[in-house]
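# Structural features, examined
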Amino acid sequence: MLEKPLSARDVGFERLLRSAPDSHATTCPLRPQADSVKTARDVTRSTLSDWGLSELSDDATLVVSELVTNAVRYALYPVDRAADSPITLMLVRLSPHVLLAVSDPSDEAPIPKEPDFISENGRGLYIVETYSQAWGWDILDAGGKAVWALFRTGI
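Going along each chain's sequence as written, the residues are numbered from 1 onward. The predicted origin of the model limits local features to residues at a pLDDT of at least 70 and limits the giving and counting of side-chain atom pairs to 80 or more, whereas totals for whole chains, interfaces and linings rest on all residues. Hydrogens are left out, water is left out, and the side-chain values use all remaining heavy atoms of the structure.

### Section: the sheet that holds strand β2 (residues 87-94)
Spatially, the 5 strands line up as an open sheet ordered β1-β2-β3-β5-β4, and their pairing is antiparallel. Only two strands of the sheet have a single neighbouring strand rather than two, namely β1 (25-30) and β4 (134-139). Across the sheet, the mean angle separating the axes of adjacent strands is 15° when strand polarity is ignored. The pairing criterion for strands is at least two bridges between them, as found by DSSP. Per the convention used, a helix needs a DSSP run of H or I reaching at least four residues, while a strand needs a run of E reaching at least two, with both numbered from the N terminus. Here β2 runs beside strand β3 (residues 97-104); their pairing, made up of 7 bridges, is antiparallel. Residue pairing across strands places T88 opposite S103, the latter belonging to β3. A fitted line through C-alpha atoms serves as each axis, taken over the contacting stretch for helices, and the angle formed by two N-to-C directions is quoted from 0 to 180°.

### Considerations on the environment of A149
Tracing the backbone through its elements, the reader meets A149 in strand β5 (residues 145-152). Accessible area is worked out with a 1.4 Å probe on protein chains only. A residue is then buried under 20% of its type maximum, exposed over 50%, and partly exposed in between. On the basis of relative accessible area, A149 is assigned to the buried category, the value being 0%. With 50 residues separating them along the chain, A149 and L99 place their C-alpha atoms 5.9 Å apart. Throughout, a contact is declared for two residues whenever any of their heavy atoms are within 4.5 Å. Apart from the residues within four sequence positions on either side, A149 is in contact with V63, V98, L99, L100, V128, S132, A134 and W135.

### Topic: helix α3 (residues 36-50)
Taking 1.5 Å per residue as the helical rise, α3 with its 15 residues ought to reach 21 Å, and the 21 Å between its terminal C-alpha atoms agrees with that figure. Every buried residue of α3 is accounted for by S36, V37, A40, V43, T44, T47 and L48. In an axial view of α3, the angular spread of the buried residues amounts to 125°, which keeps them on one side of the axis. Remark: G52 follows α3 within two positions and exhibits a positive phi of approximately 75°. In a helix, the anticipated span is given by 1.5 Å times the number of residues less one. To be clear, the arc concerns the directions from the helix axis to the C-beta atoms.

### Looking at the pairing of β4
Residues A134, G136 and D138 point to one face of β4 and are all buried, whereas W135, W137 and I139, pointing to the other face, are not buried. Note: β4 against β5, 6 bridges, orientation antiparallel. Among the inter-strand pairings, G136 is bridged to a residue of β5, identified as W148. Here β4 folds back onto β5 in antiparallel fashion, the turn holding 5 residues, of which G143 has a positive phi close to 105°.

Here you go:
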């Protein structure tokens, strides 16, 4: 864990996104379907490469796969919000960190489970915690939530 990481909870997730220069932020809307996981991995890998941070690609793409899978599989989509608030992938470069987040229209909190290494499901947030320096979630002003993971860059 970090000594005292730059935390979305300390600064405010939406404030972080608004304050990041365009050159240091990427957003990508995603549909609530399985092929969005591949799209999210591709956008993550490409963005990190553009920022000169390819060394984070393996861990970040693994984490984004879990976050998008959780958003697609478990998020409860209120009928009135699903069309207006798709799943959104966000990457923000906040040297010396990269914040990776996935928002969805559900207000349901992500609940880590004790990892069951025999089962095919239930390890997602364990993987997020293992491969990132910190993770958490925030309720969004317009409804829904963002689940985020923080990575430290070598720069």
